[in-house]
Structures are given as structure tokens and as C-alpha cells.
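# Structure at a glance
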Amino acid sequence: MEAPTSRTLSPVHLPSVAVLLPTLDEAASIDACLASLALQDYAGMWEVVIADGGSADDTRVLAEAWKNRLDLRVIDNPDRVQSEGLWLAAQVTDAEIFVRADAHTTYAPDYISRSVQVLAETGATAVGGPMVPHSASAFGQSVARMMRSPLGIGPGAFHRSGKRREVDTVYLGAFRRDRFLALGGMRTLPSRVAEDADFYWRMRREGGTVVLDPTIGSSYRPRESWPGLWRQFFRYGRGKADMLFVNGVWPSWRPLAPLLLVLGLLEGLVLGSLAIWWPLWALLGLWCAVVLLVAGRGRPLDALVAATMQLAYGSGLLTGLFRMPARVRSQVVSRSAP
């Protein structure tokens, strides 16, 4: 088991850092992401490694233009998969600490320095901040509110914790190079999501610790359309099914609520076909009461957004569970250190 050690960083030795950033068709957000990274106050040596999955838009051109303001390199990610991009980016740098980044996110000026400092102070295997969504549109603001609501998306600490604490997963995250390589990076799951949750689950299984610190600040841009929101949460649900089949345990019991909701609605429809409608109406009435409570007074859009999140997540999880476990396990791509 890994023995955490706590220390405060000395200005004499600041560890080198690589920001690992996989991209694919991120032209709409890459400039804002890199602009926030260009403002970082970290005094040690650091660089940005972008692994681009063959973007069909101007992502790569826009990224290359930042080389005059950032120590930045862009490499190819032929497989186009995020987890593979992170692994390839890790191979081309000798940095002591990896900070994972996402092109849909902007970062506080002390994001890197706080990540490194919290790693040193806590002795944790990995650290990260909360997932804080922000949007300028009415729809995006509604999604952001529901992502911060425990009834809208569940009680996961990385969505809303206001204090430093040990958690099961964090948003993005920072970790030491040797631990990332020893774990083989992030495995590629069939759903192409939940790879970060799987990574931190494996890390904790081997005795590591994951610490959330709210001073590690970033701002995430949520989905801005109904189809995009549905696809996102449907895939989240399938990702949880992947983790069950691959690891043999539920990562948490939180996904059961939307799953039971979908199963209840389906059962109500079956009973309705037999002219027994009251169970369906009772469940719909209770569900509507919950989402209206979540939304608060005068916010019908929030209620619809919360309902979409829950229904999409539960549907994704249910369809994921109908797959053959052996087939899911056979599709997992694991990696090992060179």
C-alpha cells in the first residue's frame, strides 16, 4: 500500500509539469482553454502536450498558433480516443507531474500551482478540484444548475464539495508520472466514457488516495442542446455498466436511482397495456414532484433538464446492462509502461 507523505513545496525544487490535453474537433473552445493556460502562475518548468485525434476543423491550426505564448507541442492521436491520447502525450514528456486538461474547460491562473501544492501537502496519489459548470445561454445555465444539484445528478462530491476531502474521483485531476505509468494510464472502455472514474477506482484499489480540493479552480462548459445533453448522460449510464462488468463491482450505488426510474416507467407501461394505469400515473406524479422540487419555483426549464439527465442516464445504464459482460471485457484496451 502506498504510504502518503505530506510536505510543503520549497521554491528550490518545483517539480516539472506536463498538461496533457487530448483534442478532437475543439475549434469552438480551444482558444479559450489555451488562453487560460497561458495565464498560469506556476513558477516551475511546465509544458502543454496536445494529442489531437485528427480534427476535421481548425483545432490543430488554432492550437499551433499558441506556440509563441506557451511551451506547447501537438502530437497525433491516430486512434482518436481520449484515453489513448493521454497515454501518447505521457510518452513524449519527462515531466514529474501530469495535469490532465479538457478543451471544454478554462482554468484559474493558479490551477497548476494549486494542483502541485495540494499533491505535496496531502501526499495523495491524485488531486483535483470540483466540476464547476458555467454557461452564457439560458439552456446552459439550467444544465449548470442541475449539475450542481444533488437531486439533479446525484450526490457525487466532485460536483459540489466545499472543503478538502478524500473522494472516489475528481474532475480531470493531477497525478505523479510514475503512478500514471504504473497503472497503464486510463483504460479505454467500450462506452468511451467513465475511463477517469475507472482510473481512480483502480488507483484506490491499489492503496492510493484521491483528494478533492475546492481551491483547484476551473470552469466547465456544459452541453448547450437537448440532443447533446441526452447523448452525454446516456453515455454516462453506459459507462457505469462498463465499470460493473470490467471491475465486478459497482463504483457506487448512486446510478441505481435513475435505473429504477426507467424500470418503473417501463413496468408502468406494461401494466398499462393490461389496462392497469394507476402505477404509471403514481410514478409519474412522484417523479414530477421531485424534479419540480429540484428545479425550484418558476424554473420549468430546470425541471425538464433534470428529467432529461435522469431519464438519459437510466436508459444508458439499462441498455448497457443488456450487453454480454464477457464481450464488454474483451473490448477493454489496457496499456503498460514502456
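Quantities reported herein were computed from a predicted structural model and do not represent experimental measurements.

The subject of this paragraph is the sheet that holds strand E1 (residues 17–23). The mixed open sheet is built from 8 strands, whose spatial order is E3-E2-E1-E4-E8-E6-E9-E7. In this open sheet, the two strands that pair with only one neighbour each are strand E3 (72–76) and strand E7 (165–166). The pairing of E1 with strand E2 (residues 46–52) spans 7 bridges and is parallel. Each bridged residue has a counterpart across the sheet, and for Leu21 the counterpart in E2 is Ile50. Along the sheet, helix H4 (residues 111–122) makes contact with E1, E2, strand E4 (97–100), strand E6 (126–129), strand E8 (171–176) and strand E9 (210–212), crossing E8 at roughly 55°.

This part covers the environment of Ala257. Of note, Ala257 is situated in helix H10 (residues 256–272). Sequence separation between Ala257 and Leu88 is 169 residues, and the spatial gap between their C-alpha atoms is 37 Å.

This part is about the pattern of salt bridges. In this structure the tally under the stated criterion is 15 salt bridges. Here Arg60 and Asp76 are joined by a salt bridge, their closest N and O atoms 2.4 Å apart. Of this pair, Arg60 sits in helix H2 (residues 59–64) while Asp76 sits in strand E3; the two residues are 16 residues apart in sequence, bridging distant segments of the chain. Take Arg60: its relative accessible area is 28%, and that puts it in the partly exposed class. The salt bridge partner of Asp196 is Arg100, with a shortest N-O separation of 3.8 Å. With Asp196 in helix H8 (residues 195–205) and Arg100 in strand E4, the pair connects residues that are 96 residues apart, well separated along the chain. According to the relative accessible area criterion, Arg100 is buried, its value standing at 6%. The network of salt bridges with common partners includes Arg60, Glu64, Lys67 and Asp76.

For a regular strand, side-chain orientation follows a simple rule: the groups alternate between the two sheet faces. Covered by surrounding structure in E4 are Ile97 and Val99 together with Phe98 and Arg100, the residues of both alternating faces. Taken together, the 4 bridges between E1 and E4 define a ladder with parallel strand orientation. Each bridged residue has a counterpart across the sheet, and for Leu20 the counterpart in E4 is Arg100. Pairing geometry for E4 and E8, over 3 bridges, is antiparallel. Within E8, the position partnered with Ile97 by the bridge is Arg176.

Of the two faces of E6, both are covered, the one formed by Ala126 and Gly128 as well as the one formed by Val127 and Gly129. Bridge analysis of E6 against E8 gives 3 bridges, and the strand direction is antiparallel. Each bridged residue has a counterpart across the sheet, and for Gly129 the counterpart in E8 is Tyr171.

If you trace the backbone, Leu34 turns up in helix H1 (residues 30–38). Sequence spacing of Leu34 and Ala306 is 272 residues, and the spatial spacing of their C-alpha atoms is 31 Å. Beyond its immediate sequence surroundings of up to four residues, Leu34 is in contact with Leu21, Ile50, Ala63, Trp66, Leu70 and Leu72.

This part is about the confidence of the model for the protein. Per-residue confidence for the protein gives a mean pLDDT of 90, with 92% of residues at or over 70. A low-confidence stretch, residues 1–5 stays under pLDDT 50, and its non-local contacts, those more than four residues away or across chains, total 12 contacts.

Both the distance between ring centres and the angle between the ring planes are used here to describe each pair of aromatic rings. Under the definition given, this model contains 11 aromatic pairs. Considering the side-chain rings of Trp87 and Phe180, the 6.0 Å spacing of their centres and the 35° angle between planes classify their relative orientation as tilted. Here Trp87, found in helix H3 (residues 82–91), pairs with Phe180, found in helix H7 (residues 177–182); they are 93 residues apart in sequence, far enough to count as distant. These aromatic residues form a ring-pair network of at least three members: Trp87, Phe98, Phe175, Phe180, Phe199 and Tyr200.

Judged by side-chain polarity, Leu260, Leu263, Leu266, Leu269, Trp277 and Trp281 come together as a nonpolar surface patch covering roughly 640 Å² of accessible area. By residue number, the principal contributor to the nonpolar patch is H10, which donates 4 residues. Mapped onto the elements, Leu266 comes out in helix H10. Judged by relative accessible area, Leu266 falls into the partly exposed class, the value being 41%.

Rules used in this analysis
Residues numbered from 1 in each chain as written. Predicted model: local features only at pLDDT ≥ 70, side-chain atom pairs only at ≥ 80, totals over all residues. Heavy atoms only, no water. Pairing = 2+ DSSP bridges. Helix = DSSP H or I, 4+ residues; strand = E, 2+ residues; numbered from the N terminus. Contact = heavy atoms within 4.5 Å. Axes fitted to C-alpha atoms, helices over the stretch in contact; angles between N-to-C directions. Salt bridge = Lys/Arg side-chain N within 4 Å of Asp/Glu carboxyl O. Buried < 20%, exposed > 50% of the residue type's maximum accessible area, 1.4 Å probe, protein only. pLDDT = per-residue confidence, 0-100. Phe/Tyr/Trp six-rings, centres within 6.5 Å; stacked < 30°, edge-to-face > 60°. Patch = residues over 30% accessible without salt bridge, like charges linked within 9 Å, V, L, I, M, F, W, Y side chains within 5 Å. Areas by Shrake-Rupley, 256 points an atom, 1.4 Å probe, with all protein chains shown as cover.

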